[in-house]
Amino acid sequence: MNSEPLSKAETESLIASARESRDHAFVVRSGHKIGAAILTTSDEVFGGCNTEAYITGLGTCAERSAVDHAVAHGKYNFRAVVTVDSELTYPCGACLQYLLQFYQISGEDIYIIVADLSGNSEIKSLMECLPYGYLTKSNLEKLRDYESAKHTSRG
Ligand SMILES: [Zn+2]
């Protein structure tokens, strides 16, 4: 990891945000609520929750919901993602792969934190969780255009 470790306060606030989002999970099929929150490199936090649908294949994971929430606010550079479930649950492969394209914007690894409802948590990095993920070799310039230093606003 080349990015600065999260402080205890940052970790706790991220977990609290994920727990709050978890309460809003739309789980009409499984009833299994998961919350997530993402911390941007500009120290903003965006929550996410899982959503389900009666039509198979629709709906999304809490982690991708948190990423998309940040993107909708013009944020593309991330330090950490937390997942909150009733037990310690790591993000699925699809979410890790989704995060990997944001990793490719800055080249800074992203912390992956998992927490349960009893106060237990673990921390790893995206590279530890998905060491052989697909990294695009094309369109890298377009991707890096979203680096916060370069990104202002796009019309
Ligand atoms: Zn997922």
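A few points on the structure. (Residues numbered from 1 in each chain as written. Predicted model: local features only at pLDDT ≥ 70, side-chain atom pairs only at ≥ 80, totals over all residues.)

Pairing between the strands of a sheet comes from backbone hydrogen bonds, and it takes one of two forms, parallel or antiparallel. Taken together, the five strands give an open sheet; going across it, the order is β2-β1-β3-β4-β5, and neighbouring strands pair in mixed fashion. The open sheet has two free edges, formed respectively by β2 (45-49) and β5 (121-125), since each of these has just one partner strand. Each neighbouring strand pair of the sheet contributes to a mean axis angle of 20 degrees, computed without reference to strand direction. The sheet contact formed by strand β3 (residues 78-84) and strand β4 (residues 111-115) spans five bridges and is parallel. When the sheet's bridge partners are listed, Thr83 is paired in β4 with Val114. Sitting on the sheet, helix α1 (residues 8-23) touches β1 (35-40), β2, β3, β4 and β5, and the angle it makes with β1 is about 140 degrees. Contacts between helix α2 (residues 62-72) and the sheet are confined to β1, β2 and β3, with β2 contributing the most and set at about 140 degrees to the helix. (Pairing = 2+ DSSP bridges. Helix = DSSP H or I, 4+ residues; strand = E, 2+ residues; numbered from the N terminus. Axes fitted to C-alpha atoms, helices over the stretch in contact; angles between N-to-C directions. Contact = placed C-beta atoms within 7 Å.)

Those residues of α2 lying buried are Ala62, Glu63, Arg64, Ser65, Ala66, Val67 and Ala70. For α2, the elements touching its buried residues are β1, β2, β3 and α3 (93-106). Trailing α2 by a residue or two, Gly74 shows a phi angle of about 80 degrees, which is positive. (Buried ≥ 20, exposed ≤ 12 C-beta atoms within 10 Å, placed from the backbone.)

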